[in-house]
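Commentary on secondary and tertiary structure
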Amino acid sequence: MKKILFLLVILLPCLTIANDFNSFESYDNNKKYARGSYVKYSNNLWVARHKVIGKQPKEESITWAKVKLNDIREWKSKKVYLLGQSVSYNEKTYFAKSLWSIAINSSYVNNKWVEFSHPAMGFDLPSFDPEHPDHNTIEGVDQNENGIRDDYEIKIVMSDKSRDIKELALKAGKSYQTVLSMKGVINSATQEEATNTLLALTLAELCKRQINKYSSSAIAWKKSDYFNTIDRIQTNFSVQNKLASLVDEEKLESSLEQPCASL
Amino acid sequence: MNEIKKITLALLTILATSNALAECGANVDNIESFYINGMFTDYSDYTSNKNALKNFLVAYLESEGFNPNIQGQHNKDENKLSQIFEVVRQKWEDDDADDEIIKFLNNESLNSERAKEAIAEFLQDISIEYQSTISEEDSQLAIAKLENILDSCSRVVLISHSQGNLL
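Small disclaimer: the values here were computed from a predicted structure and weren't measured.

Reading the values: rules and limits
Residues numbered from 1 in each chain as written. Chains lettered and ligands numbered in written order. Predicted model: local features only at pLDDT ≥ 70, side-chain atom pairs only at ≥ 80, totals over all residues. Domains from an automatic or database assignment. Axes fitted to C-alpha atoms, helices over the stretch in contact; angles between N-to-C directions. Helix = DSSP H or I, 4+ residues; strand = E, 2+ residues; numbered from the N terminus. Parallel < 35°, antiparallel > 145°, perpendicular 65-115°, else oblique. Contact = placed C-beta atoms within 7 Å. Nonpolar A, V, L, I, M, F, W, Y, C, P; charged D, E, K, R; others polar. Pairing = 2+ DSSP bridges. Buried ≥ 20, exposed ≤ 12 C-beta atoms within 10 Å, placed from the backbone. Left-handed = near helix turned anticlockwise from the far one by under 90°. pLDDT = per-residue confidence, 0-100.

**Quick look at the domain arrangement of chain A**
Here chain A is partitioned into domain 1 (17–117) and domain 2 (150–262). For domain 1 of chain A and domain 2 of chain A, the distance between their C-alpha centres works out to 36 Å.

**Examining the packing of helix H5 (residues 230–244) of chain A against helix H3 (residues 78–91) of chain B**
Between two packed helices, the angle of one axis relative to the other and the distance separating the axes together describe the packing. Direction vectors running N to C along H5(A) and H3(B) enclose 170 degrees, while the axes themselves pass 11 Å from each other. With respect to their mutual orientation, H5(A) and H3(B) come out roughly antiparallel. Here A:Ile230, A:Gln234, A:Phe237 and A:Asn241 of H5(A) lie close against H3(B), whose contacting residues are B:Glu78, B:Leu81, B:Phe85, B:Val88 and B:Arg89. Each residue belonging to the contact of H5(A) with H3(B) can be placed in one class, and the counts come to 5 nonpolar, 2 polar and 2 charged.

**Quick look at the sheet that holds strand E3 (residues 38–41) of chain A**
Residue and element names in this part refer to chain A. In space, the 3 strands of this open sheet follow the order E3-E4-E6, with antiparallel pairing throughout. Two strands close off the open sheet at either side, each with one partner strand: E3 and strand E6 (64–66). Strand-to-strand twist across the sheet, computed as the mean angle between neighbouring axes with direction ignored, equals 35 degrees. Pairing of strand E4 (residues 44–48) with E6, which is carried by 3 bridges, proceeds in the antiparallel orientation. Opposite Ala48, over in E6, you have Trp64 as the bridge partner.

**Re the domain arrangement of chain B**
Taken domain by domain, chain B holds domain 1 (2–77 + 134–165) and domain 2 (78–130). For the side of domain 1 of chain B that touches domain 2 of chain B, a count of residues per class yields 2 nonpolar, 2 polar and 3 charged.

**Notes on the interface of chain B and chain A**
The interface of chain B with chain A comprises 22 residues on the first partner and 25 residues on the second. Residue assignment for the side of chain B that touches chain A shows that the elements contributing at least two residues are helix H2 (43–61), H3 and helix H4 (99–105) of chain B. Broken down by element, the residue count for the side of chain B that touches chain A peaks at 6 residues, all from H2(B). Each residue belonging to the side of chain B that touches chain A can be placed in one class, and the counts come to 8 nonpolar, 6 polar and 8 charged.

**Let's talk about unusual backbone geometry**
All names here are of chain A. Even without being a glycine, Glu91 presents a positive backbone phi close to 65 degrees. Mapped onto the elements of the fold, Glu91 is located in the loop between strand E8 (86–89) and strand E9 (92–96). What makes Glu91 exposed here is the crowd of 5 C-beta atoms within 10 Å. At Glu145, a residue that is not glycine, the phi angle is positive and equals roughly 50 degrees. Summarising the element assignment, Glu145 is placed in the loop between strand E10 (113–117) and helix H2 (150–157). Residue classification places Glu145 among the exposed residues on the basis of 8 C-beta atoms within 10 Å.

**Quick look at the sheet that holds E8(A)**
All names here are of chain A. The strand order E1-E10-E9-E8-E7 describes an open sheet built from 5 strands, whose pairing is mixed. Each edge of the sheet is formed by a strand with only one pairing partner; in this case those strands are strand E1 (19–20) and strand E7 (73–74). Relative to E10, E1 runs parallel, the two sharing 2 bridges. Bridging across to E10, Asn19 finds its partner in Phe116.

**Brief notes about the environment of B:Gln83**
Residues and elements named next belong to chain B. Mapped onto the elements of the fold, Gln83 is located in helix H3. The exposure class of Gln83 is partly exposed, given the 16 C-beta atoms found within 10 Å. Between the alpha carbons of Gln83 and Ile31 there is a distance of 37 Å; along the sequence they are 52 residues apart.

**Structural notes on the packing of helix H4 (residues 191–214) of chain A against H5(A)**
All names here are of chain A. The interhelical angle for the contact between H4 and H5, taken along N-to-C directions, is 125 degrees, at an axis separation of 9 Å. When the axis of H4 is compared with that of H5, the two are oblique. Classified by chirality, the crossing of H5 by H4 is left-handed. On the side of H4, the interface is formed by Ala194, Thr197 and Leu198, while H5 contributes Gln240, Leu243 and Ala244. Here the contact of H4 with H5 is composed, by residue class, of 4 nonpolar, 2 polar and no charged.

**With respect to the pairing of E4(A)**
Residue and element names in this part refer to chain A. Among the 5 residues of E4, 5 are classified as buried, and the element is accordingly described as predominantly covered. Of the two faces of E4, the one carrying Asn44, Trp46 and Ala48 and the one carrying Leu45 and Val47 are both buried. Turn length for the E3-E4 hairpin, with the two strands adjacent in sequence and antiparallel, is 2 residues, and the turn residue Ser42 shows positive phi of about 50 degrees.

**Observations regarding the confidence of the model for chain A**
Taken residue by residue, chain A gives an average pLDDT of 91. The fraction at 70 or more is 93%. Predicted confidence is poor over residues 6–15 of chain A, with pLDDT under 50, and the contacts of this stretch with residues over four places away or in other chains come to 5 contacts.

So, in structure tokens, the structure goes:
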């Protein structure tokens, strides 16, 4: 019996459990969190930098460190890792929950590192502020300034779609956003701009149809997730109609081969 | 001198007519296709539909004499659309339309019973505008393009969807 207990004490620290994002505990505003506690909140994971109660995690907070999801590098033994920093090791991903210098391949890995997976891994997931005054405008909010409206971007990267489909959906999102952003300047659009914009939109549509037709399980994105209000739908129609009067139809129709690769 | 001019003119006329007849003769077995979209089809959807029809023609009908380079006219119908959006905006003053209506306006497929009910109710609201013919401008452009094909003596298959039938 003693031997078994001894083995358990030795071996337990070596076992890490890969936590899917959804399995993490949600933030509770009434709960007291110790330094190194971690929660999910607003599509992200956060690590408490010190004891905290009643302070919601947010960007650039001194209380909470946001776990990094993109630009994740391989773990290095001599590097110091701060709370919330992420590394990859043996094809797994970990974030640091303490400042202790504990090697990721040691028996005490669990005292420093938390293995995790996240649907937005590798993507620049924007933070979503539901109170932002521009959410209901035609163009909406693009906090990370990548040319894609945040609510659509979050919906896509947080979905269970494959990485390839997510990337294509984001490219399609850029072409949708281009249409909405042209509303005020449509009268000065050139033939080249009109042709390029309509080409990107048509490639997105053809690519979406191709995914839905030829993939047995995958489902592509929905245009209605981008043009999701009456105003945005009407803007899409009116801008595309104007662009259609300028388009080089021959050039457009001769560039539609391999839509997903060309998107 | 005048006689020489008359003979030259007559020769040119005969030449031109025989060329036109020769072209007409060469085209008489051609089958051209012409596509007109229905309502709520933006230009990228129209081009995508045309592309899908082209692929179909290449796969199944090119060997039967169909020209795979399908022609068409985008029915943009701006006036009717703006009237419909006005009705829609009055119905949902806060712009918070039913998800099924948002999908319908984006030309996306609807399968559930819930969707059918929502769309049926919506179509009742916009029935007057929805059942109207396509705009005069779009009709004139489509007719001009069709006449152009018919003048070449080709036969034409008109492929129209929904409101596109009401040319």
